[in-house]
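# What the coordinates show
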Amino acid sequence: MSASTAPFKTRYRRSLSDPDLKPRLLDFQRSWRESRDAQVQRLEQRTEQSFDELRRDFAAVKDSTLERLDDYIAEFRANAEAAGATVVELSTAAEAVNYIAAVCKSRGIDLVVKSKSMVSEEIELNHELEQRGITAIETDLGEWLLQLAEERPSHLVMPAIHQKRQYVAEILGEELGREFDPDDIPAMVASARDGLRRHYLSAGAGLTGANALVAETGSIMVVTNEGNMRLATSLPDVHFVTAGIEKLIPSWADAERQLQLLPRSATAQTLSTYTTCITGAQPGKEMHIILLDNGRRAMRETNTIGDALRCIRCGACANVCPPYQIVGGHTFGHIYTGAIGLVNTTFHHGVEEAAGPQGLCVSCGACQTVCPVDIPLPQQILEVRHRAHEGGHAPLWERIALRLWARPRLFHHLMGLAAAGSGLARLIGLVQRDHLRLPLPRRLGWRSVPAMPLRSGQTLIRSRRPLSHLWESSSAGQTVDLFAQCLADRLLPTAVDSAARLIEAGGSSVNVPQSQHCCGLPAFDAGDWETARRMAKHTIEALEGSERQIVTTAPSCVISMQDHWPRLFDHDPEWRDRAAAVSERIHDLAEWLDGPGRLPDGCLSKGSSKSWTAHRFCQASNRNDAGARIDQLVERLTGETAKLLEEPEVCCGFGGLTSLAAPEVGEGILERKLACVAESGCDTLITNNPGCVIHLRAGANASGTHHETLHYAEFLAARLPKNP
Amino acid sequence: MITLSDRIALFADGLQAAQGELVQCSSWDDVWEHAVALSDETPVVSPAAYEQLQRGELPDDTDPLRSIADRSVGVTVATLAVAETGSVLLIEPTPRDRAISLLTRHLIVAVSAEDIVEDLAEGFLWLGQQPRAAAYATFVTGPSRTADIERSLTIGVQGPSRMTVAVLG
């Protein structure tokens, strides 16, 4: 069994065992980001439209085409057949394979040369044809290397990105019977020209995919770089096209819109080297266009998933995905890789194949920000995770942990025990720099376990006198409810108390509603929506029945209430309304301090830290939330300038349950973040989501780095005037 | 509408970014002189280029691709060029039309300066109105390339490894 077809757990372990994979993919992601951003910026300047406008325009084209798909298929078929092509619509992978094999058999064809086609990968065509005595040869260099190594693509556009040049030299040497110098990449590339030529000359058929099927003329459009696709369609007498039905677009004008977005998003090229348009069979030749469903119509009919059919297979979602950088596409996906692979695999290959990698996604939301057709991938992945959970694919420890978490009183008692245990550990010297000195297994040792403070955030607030108000914000005189957030309340009590102080400083009083617990986010993220509903209802009951605005230290809870609650109560009008009445009043603290509870510019004195930088909570940043740019808030209030942090919006690796389910992924992403922090040279790192604070602090503690990690509320409250 | 010289300048930028080269030629003789200067071999030419040049070696009628595979220099003609992207549009319905752009080492594509359109949208507008042209049409942007081995950009894979656009006029 090869590296890419083994069970998920084996693939996961194998990808971690390659020490070069992480740095190579990191290098790739960073250089792609830079050149892609430059391309998109030039496109925006030239068209005088924003990327968002451009992608929404093209997404609208795809959506309206998908709505009237049968009409466009009929139009395409009529035009293509008038030009001499044969068009067949097939429902399953087996039907597609059988059709191609039958045509080959009847023409006496035993060799097919292939240009890159993800649909042919989807239906595992090479393997299936081989079973029927027909040889298929890949002619795209990357695909050919995969075929020689008996592997699957690990990226939609750069299929062999996981292979090292030493390995390439080895497999090429074996195939061609000569030695290759691994450092002479041009010589290896040149060998493809010679090594593949004989196959083109003797093949009876050429097979290509299609980036678009143009209905108005019945044409296919294919985007390539190597020149192999044109050879594969010029020498053999039969041309097969394998394409998903979602590739239909109405017109050439739409093809041009697609091309504005596709090469720039895929390889950061203005245009790929070859954009080839073919209409019908060439004189004396045959053309067979296979339009494949294989789960696509079911996707279209599935609530929240249908938009994934807009996908133009650019691979951008993998290029910004932090966990993809750690494990690569053989693990992060099945045959389709990256965020889109986590979604569409369920429909093309079944929920069994889709379930494994679900836990790797950190829900940072970066994928959607670069998607050229604006697919709501983060929401879709949560939907698929939910299906996997319903199908019984969640690990036992996770199910137990969530059940415990969902019971506020039990949770409270467990936390009390943990706090007492931590206190005891302090007494006997097992606590150092606020973390337990525990011997941890190697898989987990990259992050220390925080010692639990004795008093919760709520207790701290209730046990002190309110601050007399210092400034008149527009909410002065109001009472504000504080939602402490379950994690922060127990593990970052000073952050919770600091938030209350900052609200009080703006002239409002703070009320901490009793019996508040958890918004349901951990369970929702894990796909356990039943438990999430129970937790959400508890929180709604704790927060409803007042007109007061609600402020929280946790932007993740704001997202949970605003985005996830409506989905949880989709079919329950009563609770949907009750949920909305609460989520309408929720504010992230940073947004509050710039908005209703706005504190004046420069009102906070300079503190003791020599230099600071800010990690912006990824999910809020990628959602473009007001308040996500906490560095700007802190600069405004303190007059201190932040040090530059590279990639401030890339996930820190906490990812909710991901860092527990796949600790090596959490560790790898954390390393990337801590390296950027070290490079910034700051001595204080501030961030805005409690989970990130705990994760970054525990990671820094375990790695022995000496910067301090703070929730920005702590950083700001420490600068409030001492004796007003 | 931008001026002709602006379009040529933009086109030159786009082509250069795609590792292509540009020469300005005043006549077809000029294009030929440029082609023969590149190699000792006689340039091979596409049927469309032969019509203009009246010289050079044409691909074989029955087995056009094999007959010119890996020849040093080939000349063909583009129907139009796109300033925005530095691309040329080749209309090549038969393998014989395609042979030169597929398999020669150094490809020379001649195009009239006035056939340089501003952007890809204009190029596709033209294509959409020419049903027969779309039988086999390719926007070519520079020489063939791959980055499939460790993302190392290598120019010249299965198609030409050098490409020069000769702008006429």
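Since the model is a prediction, treat every value here as computed from it, not as a measurement.

## With respect to the overall build of chain B
Along the backbone of chain B there are six helices and 11 strands. Taking 169 residues into account, the globule formula puts the C-alpha radius of gyration at 15 Å, and chain B, at 15 Å, falls close to it. With respect to the principal axes defined by its C-alpha atoms, chain B has extents near 45 × 45 × 35 Å. Restricting to contacts in chain B with at least 6 residues of sequence separation, those with at least 24 account for 72%. When the accessible area of chain B is evaluated, it comes to approximately 6500 Å², of which 47% is carbon and sulfur surface. Counting 11 positive and 24 negative side-chain charges, chain B places the averaged centre of each group 6 Å from the other.

## A short note on the pattern of salt bridges
When the charged atoms of two side chains with opposite charge come close together, those side chains can pair. Enumeration according to the criterion identifies 65 salt bridges over all chains in this entry. As a salt-bridge pair, Arg165(A) and Glu150(B) come within 3.1 Å of each other at their nearest N and O atoms. Here Arg165(A) is found in helix 9 (residues 165-176), whereas its partner Glu150(B) is found in the loop between strand 9 (145-146) and strand 10 (154-155) on a different chain. Residue classification places Arg165(A) among the partly exposed residues on the basis of a relative accessible area of 24%. Glu150(B) sits in the partly exposed class, given a relative accessible area of 23%. Here Glu383(A) and Arg567(A) are joined by a salt bridge, their closest N and O atoms 3.6 Å apart. A residue pair is termed long-range when its members are at least 10 positions apart, and Glu383(A) in helix 19 (residues 377-390) and Arg567(A) in helix 27 (residues 555-568) qualify at 184 residues. Considered together, Glu383(A) and Arg567(A) belong to a single accessibility category, that of buried residues.

## Structural notes on the domain arrangement of chain A
Domain annotation for chain A reports domain 1 (64-292), domain 2 (428-594) and domain 3 (612-717). The straight-line distance from the C-alpha centre of domain 1 of chain A to that of domain 2 of chain A is 52 Å.

## Structural notes on the sheet that holds strand 6 (residues 219-224) of chain A
Taken together, the eight strands give an open sheet; going across it, the order is 8(A)-5(A)-6(A)-9(A)-8(B)-5(B)-4(B)-7(B), and neighbouring strands pair in mixed fashion. Two strands bound the open sheet, and with one partner strand each, they are strand 8 (248-249) of chain A together with strand 7 (116-117) of chain B. Where helix 12 (residues 252-266) of chain A meets the sheet, its contacts fall on strand 5 (212-214), strand 6, strand 8 and strand 9 (274-279) of chain A, and the angle it forms with strand 6 of chain A comes to roughly 15°. Sheet strands touched by helix 6 (residues 120-128) of chain B: strand 6 and strand 9 of chain A together with strand 4 (80-82), strand 5 (87-91), strand 7 and strand 8 (136-140) of chain B. Its angle to strand 8 of chain B, the strand with the most contacts, is close to 170°.

## Quick look at the packing of helix 12 of chain A against helix 6 of chain B
Each packed pair of helices is defined by two parameters, the angle between the axes and the distance between the axes. Following both chains from N to C, one finds helix 12 of chain A and helix 6 of chain B inclined at 150°, their axes separated by 9 Å at the closest point. If you check the angle between helix 12 of chain A and helix 6 of chain B, you find them roughly antiparallel. For the pair helix 12 of chain A and helix 6 of chain B, the crossing hand works out as right-handed. Between helix 12 of chain A and helix 6 of chain B, the contacting residues are Trp252(A), Ala255(A), Glu256(A) and Leu259(A) on the first element and Leu120(B), Ala121(B), Phe124(B), Leu127(B) and Gly128(B) on the second. For the contact of helix 12 of chain A with helix 6 of chain B, a count of residues per class yields seven nonpolar, one polar and one charged.

## Regarding the nonpolar core
Formed by 129 residues in total, the largest nonpolar core has its most connected members in Phe76(A), Ile220(A), Phe240(A), Ile289(A), Phe124(B), Leu127(B) and Phe139(B). No other element matches helix 5 (residues 93-107) of chain A, which puts eight residues into this core. Split by domain, this core shows at least three residues from each of two domains, domain 1 (64-292) and domain 3 (612-717) of chain A. Those residues in contact with Ile289(A) that sit more than four places away from it in its chain are Phe76(A), Ala80(A), Ala85(A), Thr86(A), Val87(A), Val88(A), Ile220(A) and Val241(A).

## So, the sheet that holds strand 3 (residues 73-77) of chain B
Residues and elements named next belong to chain B. Here we have five strands laid out as an open sheet, ordered 1-11-6-3-2, and parallel in their pairing. Every other strand in the sheet has two partners, leaving strand 1 (21-25) and strand 2 (44-45) as the edge strands with one partner each. Where strand 2 meets strand 3, two bridges bridge the pair, whose relative direction is parallel. Along strand 3, the bridge assignment pairs Val-44 with Gly-74. Against the sheet, helix 1 (residues 4-17) engages strand 1 and strand 11 (162-168), with an angle of about 150° to strand 1. Contacting strand 1, strand 2, strand 3, strand 6 (106-112) and strand 11, helix 2 (residues 28-36) runs over the sheet at an angle of about 170° to strand 6.

## Description of the interface of chain A and chain B
Between chain A and chain B, the contact holds 57 residues from the first and 47 residues from the second. For the chain A and chain B pair, buried surface summed over both sides reaches about 4300 Å², with 56% attributable to carbon and sulfur atoms. Of all residues in chain A, Arg193(A), Glu226(A) and Arg230(A) give up the largest surface area on contact with chain B, accounting jointly for 17% of the area buried on that side. Applying the counting rule to chain A against chain B returns eight salt bridges. Glu84(B) is the salt-bridge partner of Arg264(A), the closest N and O atoms lying 3.6 Å from each other. Scanning the region where chain A abuts chain B turns up 30 residue pairs in polar contact (both at pLDDT 80 or more). In the side of chain A that touches chain B, the residues fall into 26 nonpolar, 18 polar and 13 charged.

## Considerations on the packing of aromatic side chains
Evaluated as defined, the whole model comprises seven aromatic pairs over all chains. A centroid spacing of 4.9 Å and a plane angle of 35° characterise the contact between Phe124(B) and Phe139(B), whose relative ring orientation is tilted. In this pair, Phe124(B) is assigned in helix 6 and Phe139(B) in strand 8, connecting sequence segments 15 residues apart. Per residue, the accessibility class of Phe124(B) equals that of Phe139(B), and both read buried. In this structure an aromatic cluster arises from ring pairing among Trp252(A), Phe124(B) and Phe139(B). Just above the ring of Trp575(A) sits the side chain of Arg578(A); from NZ or CZ to the centre is 3.9 Å. Over the aromatic face of Phe715(A) sits the side chain of Arg719(A), whose NZ or CZ is 3.6 Å from the ring centroid.

What counts, and at which threshold
- Residues numbered from 1 in each chain as written.
- Chains lettered and ligands numbered in written order.
- Predicted model: local features only at pLDDT ≥ 70, side-chain atom pairs only at ≥ 80, totals over all residues.
- Heavy atoms only, no water.
- Helix = DSSP H or I, 4+ residues; strand = E, 2+ residues; numbered from the N terminus.
- Rg over C-alpha atoms; globule rule 2.2 N^0.38 Å.
- Contact = heavy atoms within 4.5 Å.
- Areas by Shrake-Rupley, 256 points an atom, 1.4 Å probe, with all protein chains shown as cover.
- Lys, Arg positive; Asp, Glu negative; His and termini not counted.
- Charge placed at Lys NZ, Arg CZ, Asp CG, Glu CD.
- Salt bridge = Lys/Arg side-chain N within 4 Å of Asp/Glu carboxyl O.
- Buried < 20%, exposed > 50% of the residue type's maximum accessible area, 1.4 Å probe, protein only.
- Domains from an automatic or database assignment.
- Pairing = 2+ DSSP bridges.
- Axes fitted to C-alpha atoms, helices over the stretch in contact; angles between N-to-C directions.
- Parallel < 35°, antiparallel > 145°, perpendicular 65-115°, else oblique.
- Left-handed = near helix turned anticlockwise from the far one by under 90°.
- Nonpolar A, V, L, I, M, F, W, Y, C, P; charged D, E, K, R; others polar.
- Core = buried A, V, L, I, M, F, W, Y, C linked by side-chain atoms within 4.5 Å.
- Buried area = accessible area lost by both parts, 1.4 Å probe.
- Polar contact = N/O pair within 3.5 Å; in protein donor to acceptor, adjacent residues only side chain to side chain.
- Phe/Tyr/Trp six-rings, centres within 6.5 Å; stacked < 30°, edge-to-face > 60°.
- Lys NZ or Arg CZ within 6 Å of the ring centre and 35° of its normal.

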